[in-house]
Amino acid sequence: MPLTHFDAEGKARMVDVTEKKETVREATATGKIKVSRDVYDAIEAGTVGKGDVLSVATTAGIMGVKRTADLIPMCHILPITNCKIRFEKDPKNLEITCFCTVKVTGKTGVEMEALTGVSVALLTIYDMCKALDKFMEIQDIYLCKKTGGKSGEIVNPRMEDRGEEGR
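If you check an unreviewed UniProt entry, the protein appears there as Cyclic pyranopterin monophosphate synthase from Mediterraneibacter gnavus. Annotation of the protein in UniProt includes, under Sequence similarities (unreviewed entry), the sentence "Belongs to the MoaC family." Annotation of the protein in UniProt includes, under Subunit (unreviewed entry), the sentence "Homohexamer; trimer of dimers."

The structure is reproduced here in structure tokens:
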């Protein structure tokens, strides 16, 4: 399959979606941040000095989704109809996993928006907690699932063993 963001001369271009049919499209992405015990406990106890970390990260992730076209040069500006951010905490491994699901009725998908939402949410956790630990690690950001458009439903094989969790 040829790359669609390049013209015949190999120059970058925005894909023309004028003739594409509008469909309901949805994408879910995930990623995680590995933190120290001090950071994990502070998030759980609500004692991080900058406020409620996961609430702020949720808001930041949604804002990131809405600003994706400002950050990724060839993304179309999309009328996002829904965005959900949720977190799973793993006290044993000191990890917080973020899921971002984005929905639109449009001519192009929202995969980049979901990936941006996860990235911004995790970066916000890092920013809010960096006074406690500067060596947190953001890891494993990837697309879980997408629906709609010409290709229909696609589920990342990494998600099959998680059941409904990334959906």
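Engineer: How should I be thinking about the overall build of the protein in this particular structure?
Structural biologist: When helices and strands are counted, the protein shows four helices and five strands. Seen through its principal axes, the protein has C-alpha atoms that stretch 50 × 35 × 30 Å. A buried classification covers 38% of the 167 residues belonging to the protein. For the protein, the accessible surface area stands at approximately 9700 Å², while carbon and sulfur atoms represent 55% of it.

Engineer: Looking at this structure, I do not really get the packing of aromatic side chains. What am I missing?
Structural biologist: Tallied over the entire structure, the rule returns zero aromatic pairs. Cation over ring: Arg-86 sits above Phe-99, and NZ or CZ is 4.3 Å from the ring centre. The side chain of Arg-158 reaches across the aromatic face of Tyr-142, ending 3.9 Å from its centre.

Engineer: Before we go on, may I ask you to explain the nonpolar core in this structure?
Structural biologist: Generally speaking, soluble globular proteins have nonpolar side chains that are buried together. Counting 32 residues, the largest nonpolar core has Ile-43, Val-53, Phe-87, Ile-96, Ile-125 and Cys-129 as its most contacted members. Breaking this core down by element, the ones donating at least two residues are strand S1 (23-34), helix H1 (37-45), helix H2 (53-66), strand S2 (80-90), strand S3 (95-106) and helix H4 (111-129). The biggest single contributor to this core is H4, with seven residues. Ile-125 has contacts with Ile-33, Ile-43, Val-53, Leu-54, Ala-57, Phe-87 and Ile-96, leaving out every residue within four places of it along the chain.

Engineer: Looking at this structure, I do not really get the environment of Gly-109. What am I missing?
Structural biologist: Mapped onto the elements, Gly-109 comes out in the loop between S3 and H4. Taking the relative accessible area as the measure of exposure, Gly-109 reaches 21% and is therefore partly exposed. Spatially, the C-alpha atom of Gly-109 lies 8.3 Å from that of Thr-147, the residues being 38 residues apart in sequence.

Calculation notes
Residues numbered from 1 in each chain as written. Predicted model: local features only at pLDDT ≥ 70, side-chain atom pairs only at ≥ 80, totals over all residues. Heavy atoms only, no water. UniProt positions renumbered as here; feature names shortened; annotations may be inferred. Helix = DSSP H or I, 4+ residues; strand = E, 2+ residues; numbered from the N terminus. Buried < 20%, exposed > 50% of the residue type's maximum accessible area, 1.4 Å probe, protein only. Areas by Shrake-Rupley, 256 points an atom, 1.4 Å probe, with all protein chains shown as cover. Phe/Tyr/Trp six-rings, centres within 6.5 Å; stacked < 30°, edge-to-face > 60°. Lys NZ or Arg CZ within 6 Å of the ring centre and 35° of its normal. Core = buried A, V, L, I, M, F, W, Y, C linked by side-chain atoms within 4.5 Å. Contact = heavy atoms within 4.5 Å.

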